[in-house]
Amino acid sequence: MANDASVVSDTLSPAVSKGSLADLFTPPADSTLWRKNFLLGAATASYQIEGAVNEDGRLPSIWDTFSATPGKVLAGDTGAVACDHYHRWEADVEMLVSLGLEGYRLSIAWPRVMDAAGVPNRKGLDFYKRLLNRLKEKGITTFATLYHWDLPQHLEDRGGWLNRETAYRFADYADLMSRELAGTVDAWATLNEPWCSAYLGYGNGHHAPGLADDRFATQAMHHLLLAHGLAVPVLRANDPASQKGIVANIGRGTPNSDSAADQRAAHLFEVQHNAWILDPLLKGSYPQDLFELWPGTEPLVLDGDMQTISAPLDFLGINYYFRTNVASDGAHGFRDVPLEGVERTQMGWEVYPDGLRDLLTGFKRTYHNLPPIYITENGMASDDQVTDGHVEDTQRISFLKRHLAAVDQAVKAGVDIRGYFLWSLMDNFEWAFGYERRFGVVHVDYSTQKRTIKRSAELVAKFLKERKARA
Ligand code: FCB
């Protein structure tokens, strides 16, 4: 088994170890990525990899319900088995270690660890305890996200994120997890991408729970942010040694022309995608032009909420994937104008590394209290095939190299960026796109669950090995 995960760092495939492909990935000598304390890891999320949805007392989540609804997910795929990580976690940790990855960002499935009355589910908790303990034994830095979209269905049945009460239930969940798992988590992220939960889940219905109303989206967003703000002090009290933060997806919007209307459209795009999250967290207020875009969608905000939401953060997680080229819609808003002749991924997303650099340096100018940053997701999907035991994911290698160069440029421009997590460790359930879109640096054959290290992962491993040897 030449390409067996457990031996990859010692026996890289011949083309890689000869060095002929090394310059496809290896950062230049003056890159800040060579510094040893720049954490390089990989990320996953519970519903996307675990499977075992009916085991050991796990309750249904909104994604079980949504994916079981015909027409919601491509090819009718569900996360029922996914990468079967719930049963294969030990081998998956070995694989991570064999690649020399230093950090692992995982998420905890809320419906696995607590029932509707808030009673802990020991079996579910034990799964995460075993996993996190093993990661710590192996010297991996652990980032745990409390909410990566798998809301317990019983909470959705009571209104989900439209119900303010869900924010308080989230704080109870954060309390249980940080008491149970204190000492095994280096960094807690409360939420993954609240913008996506709110807009895709409640605004356009592309994601669970599948509701579509602009007013729902903004109210869900406020309750998500409130949940975050209520959880932060709880995490601090129970697990003082760990870092506390949140993960936001950010979007680069560029104007389709020099016209004032298109410039304004690009500005509004970024307000809607970035300031919507970062202003409440870092300034304690919502950006005013936001509700000009959608009059009548202001969420109900109670006294004290904005103070709760702007609780100080130890880190900010940033997920970046692509840019959107926009023009004025002729009224107050913006519309997408897809560019032709640009490089795109299997998702159709434009490859645009400068967007990551420009957003990061822009945030530094805008927010005087910008916390240290981790890039908590970046990566791309490609239609990867295994040929003779290998996966030549050349576009991904180049994508990663260019985005890491953008990170390096932002660091050199003074942004405090401490690490980068590849999305994703392995191919997995890509939400509404099911299993068709492959984001992993490890290929998964879903009929056998065989993992095959892709060329990109080999090159990342080679870089990490060299960096370690230089220490
Ligand atoms: C992000 C999600 C992650 C994954 C990537 C491709 O929005 O956080 O789970 O699906 O996109």
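This structure is a prediction, so every number in the text was calculated from the model and none was measured.

Some points on the pairing of strand β2 (residues 103-107)
Looking along a regular strand, one sees the side chains alternate between the two faces of the sheet.
1) Next: Of all 5 residues in β2, 5 are buried; the element is thus mostly enclosed.
2) Next: Residues Gly103, Arg105 and Ser107 of β2 are buried on one face, and the alternating residues Tyr104 and Leu106, pointing to the opposite face, are buried as well.
3) Next: Here 3 bridges tie strand β1 (residues 39-43) to β2, and the two strands are oriented parallel to one another. Paired with glycine 41 across the strands is glycine 103, a residue of β2.
4) Next: As defined by bridge partners, β2 adjoins strand β3 (residues 141-147) across 5 bridges and the pair is classed as parallel. The residue of β3 that forms the bridge with serine 107 is threonine 145.

Some remarks on the site of the ligand
1) Next: In the vicinity of the ligand, the contacting residues are Gln48, His148, Trp149, Asn192, Glu193, Tyr321, Glu377, Trp423, Glu430, Trp431 and Phe439.
2) Next: For the ligand, an oxygen atom lies 2.9 Å from a polar atom in the side chain of asparagine 192.
3) Next: Contact between the ligand and glutamate 377: an oxygen atom at 3.0 Å from a side-chain N or O atom of the residue.
4) Next: Here the residues of the shell around the ligand are counted per class, giving 5 nonpolar, 3 polar and 3 charged.

With respect to the packing of aromatic side chains
1) Next: Summed over all chains, the structure comprises 34 aromatic pairs.
2) Next: Ring plane angle 85° and centroid distance 5.4 Å describe the contact between tyrosine 47 and phenylalanine 429, whose orientation is recorded as edge-to-face. Linking tyrosine 47 in helix α2 (residues 46-49) with phenylalanine 429 in the loop between β9 (417-423) and β10 (442-445), this pair joins segments that are 382 residues apart in sequence. Neither tyrosine 47 nor phenylalanine 429 differs from the other in exposure class; each is buried.
3) Next: Note on tryptophan 63 and tryptophan 431: the rings are 4.8 Å apart at their centroids and 55° apart in plane angle, and the pair reads as tilted. In this pair, tryptophan 63 sits in helix α3 (residues 62-67) while tryptophan 431 sits in the loop between β9 and β10, placing the two residues 368 residues apart along the sequence.
4) Next: Put simply, the rings of Tyr47, Trp63, Phe66, Trp149, Phe429, Trp431, Tyr435 and Tyr446 pair up and form one aromatic cluster.
5) Next: Taking the ring centre of tyrosine 352 as reference, the NZ or CZ of arginine 323 above it sits at 3.9 Å.
6) Next: A cation over a ring is seen here: arginine 470 above tryptophan 34, with NZ or CZ 3.8 Å from the ring centre.

Notes on the nonpolar core
1) Next: Of all hydrophobic cores here, the largest spans 127 residues; its most connected members are Trp63, Ile108, Tyr147, Trp161, Phe170, Met177 and Ile417.
2) Next: In terms of residue count, helix α10 (residues 214-238) provides more of this core than any other element does, 9 residues in total.
3) Next: Leave out the neighbours within four places in its chain, and isoleucine 108 touches Ser46, Val113, Tyr128, Ala144, Thr145, Leu146, Asp150, Tyr173, Met177, Leu181 and Trp188.
4) Next: Counting 15 residues, the second largest nonpolar core, distinct from the first, contains Phe143, Ala187, Met347 and Trp423.

Regarding the pairing of strand β6 (residues 315-328)
1) Next: Counting buried residues along β6, 13 of its 14 residues qualify, which places the element largely inside the surrounding structure.
2) Next: The pairing of β6 with strand β8 (residues 373-378) spans 4 bridges and is parallel. Looking across to β8, one finds that isoleucine 318 is bridged to isoleucine 375.
3) Next: Two elements, β6 and strand β7 (residues 334-336), share 3 bridges in a ladder whose sense is antiparallel. Bridge assignment links valine 326 to a residue of β7, and that residue is aspartate 336.
4) Next: Remark: 5 residues form the turn of the hairpin made by β6 and β7, two consecutive strands paired antiparallel; glycine 330 in that turn has positive phi of roughly 85°.

Rules used throughout
- Residues numbered from 1 in each chain as written.
- Predicted model: local features only at pLDDT ≥ 70, side-chain atom pairs only at ≥ 80, totals over all residues.
- Heavy atoms only, no water.
- Buried < 20%, exposed > 50% of the residue type's maximum accessible area, 1.4 Å probe, protein only.
- Helix = DSSP H or I, 4+ residues; strand = E, 2+ residues; numbered from the N terminus.
- Pairing = 2+ DSSP bridges.
- Near = heavy atom within 4 Å.
- Polar contact = N/O pair within 3.5 Å; in protein donor to acceptor, adjacent residues only side chain to side chain.
- Nonpolar A, V, L, I, M, F, W, Y, C, P; charged D, E, K, R; others polar.
- Phe/Tyr/Trp six-rings, centres within 6.5 Å; stacked < 30°, edge-to-face > 60°.
- Lys NZ or Arg CZ within 6 Å of the ring centre and 35° of its normal.
- Core = buried A, V, L, I, M, F, W, Y, C linked by side-chain atoms within 4.5 Å.
- Contact = heavy atoms within 4.5 Å.

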